[in-house]
Amino acid sequence: MRLLLPVSRCMELSDMMTAAIIARSLTKTYGDLTALDSFDLEVEQGSIFGLLGPNGAGKTTLIRILTTLMRQSRGEAFIEGLDTRSAGRDIRCMIGVVSQENSLDRYLTARENLELHARLHGMDKRLYKRRIDDLLELMGLSGRQKDFPDTFSGGMQRRLVVARALVHQPRILFLDEPTTGLDPQSRRAVWDYVRSLAGSMTIFLTTHYLEEAEQLCDKIAIMDHGRLIAIGSTQELKDRLTGATVYKIEFAPQEVDRYAELLGSMSCVVNIKQMENIVTVTLECWECLAEIVTALNGAPVRRISLQERTLEDVFISLTGEKVRE
């Protein structure tokens, strides 16, 4: 007898086949503290997905659940269709993780750290030898592969952690603030490699460098207090911003002080900053520009340009300006 599934269940199974990561009503509590609060998320296969949030927003808790290091209190999570609560072993075989903590074995050399990881994943020696050679070269560690991690700088140790997560060629790579502590050259090398992986594996990253997320990610989610508060492409998130608009006005140097004072006295100007001969004004709305242009009639204005909104503007507008512990 042929068993037919309900349409809703068929749609759920179809979603799991096309999504690398799914979280549904995911909740994690620690006594009276709720770290994740009915969190929903879906990440497409082969995409670079960014998760942003202030300190304490719940990002690391979410990653620990998705990587099977922690069990949720309620809700469900799936990695490539596998339930994190019952398929932990299979999930750990298909993911790579770069956590915030340095978990390198200090009693093994750099190369031995990578070899141990490869052997734990059951890789063939001929395959992982070549793979490790390539990763050490990529991370600029070939000349130090026989040295112990304690002799490395913090940036070098971080690069070795990233290399280790990539040894077994995971289908999903979790990067929890992977470039923290790296110098600009090392950071660029890591991200250039991440870009090269796009499409061949799913990459899920958290970072406090918003410009990195803006440049790298196909889609970005912003969370706070354990909840998802916004999700979309960088442009979609920027388009959510309404209200105040920022313009830069460049004057002839000899007249800038006079007109900066004039602009500062106008009711439609919310904020004003002056740097040399450029005055930056924040207006209540873009319609106020007509009032500004009228006030500057005859002024030695060289250029008026709209200051493009950034992902940082979106982040601050959604999570506030208060510093978090």
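Our structure is the block above this text.
Colleague: I'm lost on the sheet that holds strand S11 (residues 245–251) in this one. Help?
Modeller: Hydrogen bonds along the backbone pair up the strands of a sheet, which may run parallel or antiparallel. One open sheet holds the four strands; their spatial order is S12-S13-S11-S14, and the pairing between them is antiparallel. Each edge of the open sheet is held by one strand with a lone partner, namely strand S12 (269–275) and strand S14 (301–306). Each neighbouring strand pair of the sheet contributes to a mean axis angle of 20 degrees, computed without reference to strand direction. The strands that helix H10 (residues 256–264) touches are S11, S12 and strand S13 (278–283); relative to S12, the one it contacts most, it runs at about 165 degrees.

Colleague: How should I be thinking about the side chain of Asp 83 in this particular structure?
Modeller: Topologically, Asp 83 is positioned in strand S5 (residues 82–83). Here Asp 83 is in contact with Ala 77, Phe 78 and Ile 91, once residues within four sequence places are set aside.

Colleague: Can you walk me through the nonpolar core in this structure?
Modeller: Soluble globular proteins: nonpolar side chains tend toward being buried together. By size, the foremost hydrophobic cluster in this structure holds 46 residues, and its most contacted members are Leu 52, Leu 166, Leu 173, Leu 175, Ile 203, Ile 220 and Ile 222. Judged by nonpolar contacts, the second largest core, of 26 residues, contains Ala 23, Leu 26, Leu 36 and Leu 62.

Colleague: Help me understand unusual backbone geometry in this model?
Modeller: Negative phi values dominate among residues other than glycine, just as trans dominates among peptide bonds. Notably, Ser 38 is not glycine yet its phi reads approximately 50 degrees, a positive angle. Tracing the backbone shows Ser 38 in strand S2 (residues 33–44). Residue class for Ser 38 comes out partly exposed when judged on its relative accessible area of 37%. With a phi close to 50 degrees, His 225 is a non-glycine residue in the positive phi region. Structurally, His 225 is set in the loop between strand S9 (219–224) and strand S10 (227–232). Among the residues examined, His 225 registers a relative accessible area of 58% and is labelled exposed.

Colleague: Whenever I open this one, the pairing of S11 confuses me. Can you help?
Modeller: One face of the sheet, then the other: side chains in a regular strand alternate in exactly this way. Across the seven residues that make up S11, a large majority, five, are buried. Judged from the six bridges that link them, S11 and S13 form a sheet pairing that is antiparallel. The partner of Ile 249 across the bridge, within S13, is Val 279. For S11 and S14, the ladder comprises five bridges, and the chain directions are antiparallel. For Glu 250, the partnering residue across the bridge sits in S14 and is Arg 303.

About the criteria used
- Residues numbered from 1 in each chain as written.
- Predicted model: local features only at pLDDT ≥ 70, side-chain atom pairs only at ≥ 80, totals over all residues.
- Heavy atoms only, no water.
- Pairing = 2+ DSSP bridges.
- Helix = DSSP H or I, 4+ residues; strand = E, 2+ residues; numbered from the N terminus.
- Axes fitted to C-alpha atoms, helices over the stretch in contact; angles between N-to-C directions.
- Contact = heavy atoms within 4.5 Å.
- Core = buried A, V, L, I, M, F, W, Y, C linked by side-chain atoms within 4.5 Å.
- Buried < 20%, exposed > 50% of the residue type's maximum accessible area, 1.4 Å probe, protein only.

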